[in-house]
Structure formats: structure tokens, C-alpha cells
Number of protein chains: 2
Amino acid sequence: MDLRDLLKNIEDYIDKDVTLEGWIRNHRDQKTFGFIDFSDGTIQEHLQIVYTDSLANFKEIQKVLIGCAIRVVGTIVKSNGKQDYEMQAKEIEVVGECPDDYPLQAKGRPTREFLREIAYLRPRTNLFQAVFRVRSVAAYAIHKYFQDRGYVYFHAPIITASDCEGAGEMFQVTTLPIDKIKGEVDYKKDFFGKMANLTVSGQLEAETFALAYKKTYTFGPTFRAENSNTKTHASEFWMIEPEIAFCDLEKDMDIMEEMLKYVVKYVLDNCSLEINFFDSFVEKGLRDKLERLVTSKFVRIDHEEVIKILKEANIKWEFEPEYGEDIAKEHEKYITEYFKGPVFIKNWPKDIKAFYMKQNEDGKTVAAVDLEVPGAGELMGGSQREDDYNKLIKRMEELKMDYKAMDWYLNLRKYGGTVHSGFGMGFERLLIYLTGVDNIRDVIPYPRTPGNCEY
Amino acid sequence: MDLRDLLKNIEDYIDKDVTLEGWIRNHRDQKTFGFIDFSDGTIQEHLQIVYTDSLANFKEIQKVLIGCAIRVVGTIVKSNGKQDYEMQAKEIEVVGECPDDYPLQAKGRPTREFLREIAYLRPRTNLFQAVFRVRSVAAYAIHKYFQDRGYVYFHAPIITASDCEGAGEMFQVTTLPIDKIKGEVDYKKDFFGKMANLTVSGQLEAETFALAYKKTYTFGPTFRAENSNTKTHASEFWMIEPEIAFCDLEKDMDIMEEMLKYVVKYVLDNCSLEINFFDSFVEKGLRDKLERLVTSKFVRIDHEEVIKILKEANIKWEFEPEYGEDIAKEHEKYITEYFKGPVFIKNWPKDIKAFYMKQNEDGKTVAAVDLEVPGAGELMGGSQREDDYNKLIKRMEELKMDYKAMDWYLNLRKYGGTVHSGFGMGFERLLIYLTGVDNIRDVIPYPRTPGNCEY
């Protein structure tokens, strides 16, 4: 049986015999008995297995090393030790050996840098076991939130011939023999008959679904070929991009707030052991931080007001806050501390935001919003979308975009177009917030960064 | 409110006023009244809205065309017409116009080929509305099945430097300026410092998670650069690849059978309107086909036995069945008819299967399985994985594979390796089975095929 099912219903199994299959995480052997720290990976918790020289293969078992796979039959008993219960083994069978060059030995705590080098083994450590289970549960929480509310899950195309943001370095996808190209590329001969790239966002395509299903969301991989080696940049990451018709910026913020609280609460409820582990070993106060988020009321404030507060603050900034400009990390931090909680900063200067955002009547700002969260900075960004056909074309012309190639996008404004909004959340950014693990390379099973594409 | 919430609780709303926002799907106007066929995309069903010349803007509303977005306030009443209920409008506001060049007019049923040309509008038709909602609900059912049973959802890397199957045409991913390459390519200068491709399968990486978490599954996009233009091939498609430690081929089949039945039943229960639609307009008998699958017992039979049955059949085959060889579509069809239900064909000839499959003791076959389903052919394929380090190396040598580059994969057999198995299911193949829609281009929102990369 799975250790998860055993431990979650432990009272039903006291004094009963069960069979478990899993791995030895630690092993202490004495003359006439031994202790095995057992895990099968189905739950963060381990089980202590006690064996004695009554085992037929006692001498063999005494020698088994960390990492071995075993099958064990034994009785679950209440324990006098640190644990509340343990297993008294009746039979232990080694089903997979593990030599002593196994990199995950019990002595010393391996650094995260070292574990990145053996990424294929790191989910066997307590830290990464917890991280990637939270990744799985948080992903499910996101699906559950949207599906329970009637949203349609939209698989945005990964290979694309259009660049959503009109910015950002993209990866090219090709089947051309690139060592044989001489000068100009004849894309008619490429697989799709045109130049193709990996998507940087599924938003524009998601809008087509919002105007058919009213409520839709994407959850899939997106790509940026930025040559930046920071703790928060990866070349391949997963994004959630909901898109809702008949929804203005205020309603959009309602959904952002409700969804985030739902997901955080779901993880608190369903990954309690993992959160405790992070709270003890990764980020002191993590649980409290997450619990406070769930009960807090998010502030909503205009960008212009934020600049005013920053300017009035008695602080020597590294970057001076300015009206009409973006804000820096230090400003994000200050503003969440100022309001003692999450802050929606809305109505941003038009010139620093994307072409598709709804132009406000002041002629200077757009109906965009960023969510700033204590201890994490920007966690989500959203906007009401420009639904005026002519204004959208005019804006694309100003930005020298090829709007004719995007007639389908423009036509959404022509054929029963309506107020609609959406937002994007980087899944790994959420995971960094949920786990306290501060490097994006440690919340992705096999991260891709410049110069790095192992496995 | 959402039409979905209204219609699912219709009895609570009879004789009450509600506000709806959505689109006009059809419109018949008479002298003093009119009928609007209304949909907001949150449910397959439409609502009939009746208005009369008591509306302040009656003349304006009489003129509104198909595709317009409207906001309507009205009373839900029991109806004498074909519908059980309808709305008597008190206010109708046009919030988004739609001109008469809108391609989705009520007259005539547009062909699927025509709709592919306007893929961004097709989810507004009844057929595609149903297809992509089933896609969404089926995706969720898959997540729910695995999450409820403690599987960890694993995001396999999309960009990869290793080719799982050792076969199959791959897409190359690069940031090199390919028009400036002269002869040999210096991959040190490419983004990842080596040649990189789009993944064809996440299985090998998923095995690393199975040996840490016991139970894992992938659900993500995979890619094949095959130049085939058939109804069942797409260059970009989604795959589900579960992988389970301490699981042999028999248990693997148990899981395949249980999962498939769960997902089909979930869709029957949660997309009843959509299944009825397909049953009426796409594939007669679809509901019955799906219901029979849920209650049937899947047959398990060796490949060798299947060949024997095929040879003994009194049929003139296009392709003669042979021991040691693959089977053709006509054979798949015959064998599911022979057993009147789904059939697991297991223990396949080693030479026609992948290197990682567990070699049986007969020296000729591997512990592989394909699931054949009436009316769909092969729906899933799985295998027990070779867990013998030396046998695996020997097999890779025979196939001239660079096994040294895959030391991490081999090491899974060395460090606490154990019996483990898994399977793969093409998500679109499942959708074709669930909907009766027989072209893969019609079950993917924005399909990618040779020469085709729109949106």
C-alpha cells in the first residue's frame, strides 16, 4: 500500500500487518536490531521501520545502504520514541540495490547548487520532494479553481508565427538544415512554410476563447530567450492566463484576488507537512505569511498615487520614483510595507505598457494592474483589453506593429466585441512565494537557462 | 449571471428577473415582437429571449444582427413552445455590434473545412463549442483521476537535448542567426551551448520522478516534425504519460483501464449536453459506445495469440498478419470486433518496440502493451520498463544508441531501481474517440501541421 494512505488513516492500522514498497532514506544498525528511515515518496512524512535478528535475512539487511529499494511486511505499532508509531518488520526484501557511490548520503546536508548538478536525484531529498509536490498540488488547485467556476481550459499553441507582446527575445523553431543555409533563408521550405517561434504568451489567442466561452484560462509552457542569469529568470516556464468577457478591470482584480487566495489556501490545507518543512528549514514565518495573505483585503490604488506616496516617503531611493515611469523593486517593497499587505497598483502610464491594454479617458493611462505581494513583489499582472477597433489600430500604428497580420485579433473587436479583461501569473513565481525557495532553478524539475539544457 | 448557473438551477429562477450578458446566435423579428437565440458560451444550451414592442428601443433591437454582444434584463417564465422556459425581456442593450459580413450566419451549415479557415471564430459554433468544452473537461478529469490517487504532476521539459524514442523527426530550437551560418554550426554559440530540440515525449524524465514519488504523470505538449498530412497527425499535440514504481505490466493495465473508464464516465456525467449533440450530429451511437466502454471488461491477450486469431480468420487481408510483426488498422478493427470490446495486446516482438521496454525471459518479446478500442483503434500504449542495468546497456548498444549521454537514465537502474511501468495516451486521440470528430485539426484550437501555423 502507499505510505500516504497508511499515515492518513494510521489509527485504522495500529496492530495490523501491512506491506510497503519504497526506499531507504537512512539506516542505523545495531548488533541485534536496526532502524530504517523509510519513504515511498507518496507523502512527505517517513516511517521508522524497526527490525531485529529474528529476520531470516537479518545479516543481509544489516548491510543494506541508503537508497536501496525494499519491500517490507510488518506490524504498525504505537511507539515510545520520537515518532507516534513505527513498523515492526516481519520480512524485508531488497528489490533494488544501491551502491555506496550513491550521491545522496545522510551525512551533511548537500547544497542546492550540488543538487542542481544531479537534478534527476534531487526529488528524493526532503526539500525537493516537498517543492515538487507543492508544484503538483498548486497546479491542480489552479485547475480546480477555474473548472469549478465554469472556465474552459484553453491549450494555447506553443509553436507560433505571431509575437504577442511585440517584444522579448524568442526561440526560433525550424526543420531547415541550418548548416546548409547560404545567406537568405527560404522559409517556404521550412516546416510551416514560414518563420516560426516558441510562444511568449497565449493571451491573444485566449481572447478568442473568452469571446466564445465568456470565461477561459490557459495553463501551459511559455518561453523567453533572454540572456539573463538571475534567480527569477528561466527560458522555459509555465504561465496561467485567464481571460474573461463582460469583465472590467475591477472585476478582473476581484478574480485575481479570489484565485490567489483560493490557491494559497488549497496548498495550506493539502500540503501542510510541506509548508511546515519550508517554514522550519527554508523561510521562517512562511506559514504565517501565507495565512495572512488568505485573510487580508487587497488594497487598490492608482499608479499615480503610488508615486506620490513614494515621493513623500522619507527615504533615499536608489531609483528616484517618477510619474509616468515604472517602479523599482525597492518601491514595490515599500508600498506593500506601507499598506501592510497586498496592493493592486492600477491605471499605469500608457507608454510603459502593452499595446492591447484599454486606454483610459485621460489619454495618459491604461486600465492595467500589477499585484504586489509582501515578500514577493509583483506576482500577477492584468489589464482590461482595448475593445475599440479604431483605437487599437491607432495604437498599433504608433508602435509600428504589423496590424494587418493580426486581422483576426482586431476582428474580435468587430464581431460582437465587448469589455473583456484578463491577467497572467507566472507559475514559478507563485511557487517561489509558496515555498520560500528563492531560485527559479529549484522550483522547476529540469530548468532551462542560458547554457543549460540537461536531461 | 452565467447562463450555466441559471439553467442548472432553472426552477429557482422561474418568474424571477435576471441579467445576462452574451451573444445573439440567431434572431427572428416580427412586427410587434421578436425571438433571440441567446448564448453566453458558459453552457452548450441556449436560451430563447422573447421581446415585444414594449421595449423602449424596440426598433433598434429589431435590427440587431447575429453575432452582436448584448446585455439583457428579463423574467424567466415557463414556455409553451419547444423550450421548457424562456426569458421575457424587459431591457436589451447592445454592447458590441456585429456587421453583416460576420462569417457565422444562421443560414446553411458551414463546412468544417471552411471553419478551419476562421479557426478564431469556430468555438462560437455549436459543434466547436462542444468539442473544446469536452477538451477542457476531459483534461480536468485526467488531472482529477491522478491527483485524487496521490500522483505527482510532473512538468516534463519542453526544450530538450535528448531524444527519447531515438526516432521521429524533431523540431530544432535555436537563437542562432540562421541566415548567417556558414557551413558547420558552432553550437557553443547557441542559446543552450548545444543543439536543442522540442520534446517528443516526457517519459524518460518522468521515470526519474516515479523513482522518487512512486506515482507520477505528465500532461503537456509534445512535438513531431513528421511530414504527414493525415487526419490523425499533428505536429503539436498533448500527451499524458503516467509512470509508476513497484508496478508491473499487469498493474499497469489495471491503471490504464481504470483511468480510461474514469475519464469517459466523467465526461458522460459532466458533458451530457455535448455528448447528446455529438450523438445526434456527428456520430450516431456515440453515447452508447462510451457507456459500453465504462462497463466492459477489457480483454488481455498476447500479441502471438492475436496473430494466431487473425491468421485463422476467414478474411482476405490487405496486409497478411505475421508473427513478429506489427499489426495493421484492419487487424486492430477485427480483434476488437472479435472480442466485442477493448483489448489489451501485450508481449510484443522486441524488435518492433522501443529500447526501454522490459525484455521478457523468452528472449523474443518485451513487456509492452497496446490498448485497442472499438471504433478508435490504438488509444494507449505502455510497457514495463527495463530495470536491469546491464540488459538496458546491451540493448542500447545493439541499437547503436549513445548510452553514455544517458547515464542519468541508466543510473535509475543502479540507485535503488525497481520494477516500474508506465504508459502514454495522446490527448487528441482520446478526444477524437470522445467526440466522434474524426480529424485531429478539429479537436485542437489552433492546430499545427505541415505548412500550417496560423494564430
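Quick note: structure is the one above.
None of the values given here were measured: they were computed from a predicted structure. Within each chain, residue numbers correspond to sequence positions counted from 1 in written order. For naming, the first written chain is A and the first written ligand is 1, with later ones following in the order written. pLDDT decides what is reported in this predicted model: residues at 70 or higher carry local features, side-chain atom pairs at 80 or more are listed and counted, and totals for whole chains, interfaces and linings draw on all residues regardless. With hydrogens and water set aside, each side-chain value is computed from the structure's full complement of heavy atoms.

> Please explain the interface of chain B and chain A as it appears in this structure.
Pairs of residues are marked as contacts when any of their non-hydrogen atoms sit within 4.5 Å. Listed as interface residues are 112 residues of chain B and, on the opposing side, 111 residues of chain A. Take the accessible area each of two parts loses on contact, using a 1.4 Å probe, and add the two losses: that sum is the buried area. Between chain B and chain A, roughly 9000 Å² of surface is buried when both sides are summed, and carbon and sulfur atoms account for 61% of that area. Salt bridges are defined as contacts in which a side-chain nitrogen from Lys or Arg sits within 4 Å of a carboxyl oxygen from Asp or Glu. The interface formed by chain B and chain A includes 10 salt bridges. For Asp 2 of chain B, the salt bridge goes to Lys 215 of chain A, with nearest N and O atoms at 2.5 Å. We define a polar contact as two N or O atoms separated by no more than 3.5 Å, with the added condition that, inside protein, one atom must be a possible hydrogen donor and the other a possible acceptor, whereas residues neighbouring each other in sequence contribute only through side-chain atom pairs. Where chain B meets chain A, there are 44 residue pairs in polar contact (both at pLDDT 80 or more). Comment: elements are numbered from the N terminus, with helices defined as DSSP H or I runs of at least four residues and strands as E runs of at least two. A per-element tally of the side of chain B that touches chain A places helix α4 (residues 126-148) of chain B first, with 14 residues.

> How should I be thinking about the sheet that holds strand β8 (residues 172-174) of chain A in this particular structure?
Strand pairing in a sheet takes place through backbone hydrogen bonds and is either antiparallel or parallel in direction. Taken together, the six strands give an open sheet; going across it, the order is β7(A)-β9(A)-β8(A)-β8(B)-β9(B)-β7(B), and neighbouring strands pair in antiparallel fashion. With one partner strand each, in any of the chains shown, β7 (159-160) of chain A together with β7 (159-160) of chain B form the two edges of the open sheet. Two strands pair under a simple rule: DSSP has to find at least two bridges between them. Pairing between β8 of chain A and strand β8 (residues 172-174) of chain B: three bridges, direction antiparallel. Note that in β8 of chain B the partner of Thr 174 of chain A across the bridge is Gln 172 of chain B.

> Would you mind going over helix α13 (residues 427-435) of chain A with me for this structure?
Owing to its 3.6 residues per turn, the α-helix aligns residues three or four sequence positions apart on the same side. All names here are of chain A. Burial within α13 is extensive, with eight of its nine residues counted as buried. By the burial criterion, the buried members of α13 are Phe 427, Glu 428, Leu 430, Leu 431, Ile 432, Tyr 433, Leu 434 and Thr 435. Just beyond α13, the residue with positive phi is Gly 436, at close to 80°. Only protein chains enter the accessibility calculation, which uses a 1.4 Å probe; a residue is then buried when its area is under 20% of its type maximum, exposed when over 50%, and partly exposed in between.

> I keep staring at the environment of Leu 268 of chain B and nothing clicks. Help me out?
Residue and element names in this part refer to chain B. Within the secondary structure layout, Leu 268 lies in helix α6 (residues 249-270). Accessibility expressed as a relative area gives 9% for Leu 268, which makes it buried. Along the sequence, Leu 268 and Arg 287 sit 19 residues apart, while their C-alpha atoms lie 7.9 Å from each other. If we ignore the near neighbours within four places in the chain, the residues touching Leu 268 are Ile 275, Arg 287, Leu 290, Glu 291 and Val 294.

> Looking at this model, I keep getting lost on the relation of the copies chain B and chain A. Mind explaining?
The operation linking the two copies of the chain is a rotation about an axis combined with a translation along the axis. For the match of chain B to chain A, the screw axis carries a shift of 0.0 Å, the RMSD comes to 0.0 Å, and the turn is 180°. The superposition of one copy onto the other is thereby described by a two-fold rotation axis. Among all C-alpha atoms of chain B, that of Val 173 of chain B lies closest to the rotation axis, at 2.4 Å. Here 99% of the contact residues of chain B are again contact residues in chain A; the copies associate through an equivalent surface. A least-squares fit on C-alpha atoms brings the copies together, and the residues used are those whose pLDDT is at least 70 in both copies.

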